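Residues per chain, in single letters:
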Amino acid sequence: MTTVLVLGATGYVGSRLVPALLDEGYDVVAASSSAPDPERFAWGHRVVWRRCDVTDAAAVGRAVDDVDAVCYLVHSLDERDFTARDRVGAEHVRDAVTAAGVGRLVYLSGLIPALAPGERQSAHLASRLEVEQILSEAGCPTLTLRAGVVLGAGSTSYEVIRQLASLLLVQPIPRWLDTRVQPVAVTDVVRALVEGLAGNATGSLDVGGPDVVPYPRLLGAYARAARLPRLRVPALVAPVTAVGVGTALLVGAPFWTVTALVESLQHDMVCRPGHTWEPDGEPLLGVGEAMARAVGRRGPEVAEAPLPSDPAWTRMRAPLLDRLHAPTVLRAGASLARRRVTGLLNRP
């Protein structure tokens, strides 16, 4: 039986990947930088836990001991110095899997846009490319799966869309934000990772759903799924930096995460023809179905429900207004205000 080490097992994708691997018959070693807490997860007592901060070379060496494959899901986008941290982590993982004789390494990254001559990748995507290059130097077959905007309750990209749509009755759309995106349901990302670990493909493959849409239409897709009447209007003056800062102030996600994601939206984020993952079995979910599942408008057997382990900022909390069934915009505003005040009170 194959043993898979999931680095980042308690994160958004990792906490959904681990049970999928267990269902496929794998033995799983779950690793994260936080102390093991099996009670947080329904699968917590079915895995071997190892604490591992990937910036600690010795910890990475211990984590890869006696495993057959590694799935690398660690990103430091919520940190200001994420580029340096992710570089160090990738180097440690590369060296450790090589020294331990691990048989396969799969890394989850993001779609990389094609740039015109003279253009530069955003810092976020340049870092992802750097990590991909470092990991490709490992002494084992390595595959990078580059995923589009991930749709599912709890996903950072989805939650930014949800919180903006919930808070803003009128949504200003920068003129430059006519770029196309190719979103993918989180269930399909998990499928791609499971198949990637079991397969022989190397290099990089793009992972996107069947729909390619302008980003503003993605905002509209959420509003329709959530049955929220919202108006989108063009913003005449909206520099990228200002949009990033403004968005970060309006949602609960970490500041550096939001600004990095907004910077990445200046270019089309679509799959490369001939370099795209083709799933076995069921077809990929489209945007409409993925959004409907994320907002819970499907039966519990297919709904993409948030997990208790998802970051606290992904859950809008306004208990009194919830009980009063207040309008969504009021609950979203109260939840954001509560988070901001709590953050100020807890600041050292």
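Fair warning: this is a prediction, and the values are worked out from it, not measured in the lab.

J.: Would you mind going over the overall build of the protein in detail, with residue names and values included?
T.: The number of helices and strands found in the protein is 12 helices and 13 strands. In the protein, which comprises 348 residues, the share counted as buried stands at 50%. Residue pairs in contact within the protein that sit at least 24 positions apart in sequence constitute 77% of those at least 6 positions apart. Carbon together with sulfur atoms contributes 55% to the accessible area of the protein, which is approximately 16,100 Å² in total.

J.: Can you tell me about the packing of helix 3 (residues 82-100) against helix 4 (residues 123-136), naming the residues and giving the values?
T.: Contact pair helix 3 / helix 4: the axes reach a minimum separation of 9 Å and the direction vectors enclose 15°. As judged from the angle between their axes, helix 3 and helix 4 are roughly parallel. In terms of crossing hand, the pair formed by helix 3 and helix 4 is right-handed. On helix 4, the residues touching Phe82, Thr83, Asp86, Arg87, Ala90, Glu91, Val93 and Arg94 of helix 3 are Ala123, His124, Ser127, Glu130, Val131, Ile134 and Leu135.

J.: Which residues make up the sheet that holds strand 11 (residues 203-207), and what values do they have?
T.: Pairing in this open sheet of seven strands is parallel, and the strands run 3-2-1-4-5-6-11 from one edge to the other. Looking at strand neighbours, the two that pair on one side only are strand 3 (48-51) and strand 11, the edges of this open sheet. When the angles between neighbouring strand axes are averaged without regard to direction, this sheet yields 20°. Bridging between strand 5 (residues 104-110) and strand 6 (residues 142-147) involves six bridges; their strand directions are parallel. Bridge pairing in strand 6 places Tyr107 opposite Thr144. Running over the sheet, helix 1 (residues 14-23) touches strand 1 (3-7), strand 2 (27-32) and strand 4 (69-72) and is turned about 175° from strand 1.

J.: Got a sec to walk through the confidence of the model for the protein? Specific residues and values, please.
T.: Looking at the protein, pLDDT values average 87 and 88% of them are 70 or higher. Mean pLDDT per element in the protein: helix 11 (residues 319-323) is the minimum at 64, and strand 1 is the maximum at 98.

J.: Break down a negative patch on the surface for me, citing the residues and quoting the values.
T.: Together, Asp27, Asp65, Asp66 and Asp68 make up a region of like negative charge exposed at the surface. Inspection of the secondary structure assignment puts Asp27 in strand 2. Residue Asp27 is classed as partly exposed on the basis of its relative accessible area, which comes to 35%.

J.: How would you sum up helix 10 (residues 287-294)? Please name residues and give values.
T.: In terms of burial, helix 10 is a largely internal element, six of the eight residues being buried. Turning to helix 10, its buried residues number three or more, namely Val287, Ala290, Met291, Ala292, Arg293 and Ala294. Along its buried surface, helix 10 packs onto strand 7 (150-151), helix 5 (156-167), strand 10 (184-185) and helix 7 (215-226). Of the residues one or two after helix 10, Gly296 is the one with positive phi, at around 90°.

J.: Tell me what's going on with the nonpolar core, and back it up with residues and numbers.
T.: One finds Val6, Leu17, Leu21 and Leu193 to be the most contacted residues of the largest nonpolar core, which totals 37 residues. Excluding residues within four positions of it along the chain, Leu21 makes contact with Val4, Val6, Tyr26, Val28, Val194 and Leu197. Core analysis: the next-biggest nonpolar cluster, separate from the first, contains 29 residues, Leu125, Ala165, Met291 and Ala294 among them.

J.: Describe the pairing of strand 1, listing the residues and the values that go with them.
T.: Where burial is concerned, most of strand 1 is hidden: five out of the five residues are buried. Taking every second residue as pointing to the same face, both faces of strand 1 are buried, with Thr3, Leu5 and Leu7 on one and Val4 and Val6 on the other. In this sheet, strand 2 lies alongside strand 1 in parallel orientation, the contact comprising five bridges. Pairing of Thr3 across the sheet is with Asp27, part of strand 2.

The rules we used
- Residues numbered from 1 in each chain as written.
- Predicted model: local features only at pLDDT ≥ 70, side-chain atom pairs only at ≥ 80, totals over all residues.
- Heavy atoms only, no water.
- Helix = DSSP H or I, 4+ residues; strand = E, 2+ residues; numbered from the N terminus.
- Buried < 20%, exposed > 50% of the residue type's maximum accessible area, 1.4 Å probe, protein only.
- Contact = heavy atoms within 4.5 Å.
- Areas by Shrake-Rupley, 256 points an atom, 1.4 Å probe, with all protein chains shown as cover.
- Axes fitted to C-alpha atoms, helices over the stretch in contact; angles between N-to-C directions.
- Parallel < 35°, antiparallel > 145°, perpendicular 65-115°, else oblique.
- Left-handed = near helix turned anticlockwise from the far one by under 90°.
- Pairing = 2+ DSSP bridges.
- pLDDT = per-residue confidence, 0-100.
- Patch = residues over 30% accessible without salt bridge, like charges linked within 9 Å, V, L, I, M, F, W, Y side chains within 5 Å.
- Salt bridge = Lys/Arg side-chain N within 4 Å of Asp/Glu carboxyl O.
- Lys, Arg positive; Asp, Glu negative; His and termini not counted.
- Charge placed at Lys NZ, Arg CZ, Asp CG, Glu CD.
- Core = buried A, V, L, I, M, F, W, Y, C linked by side-chain atoms within 4.5 Å.

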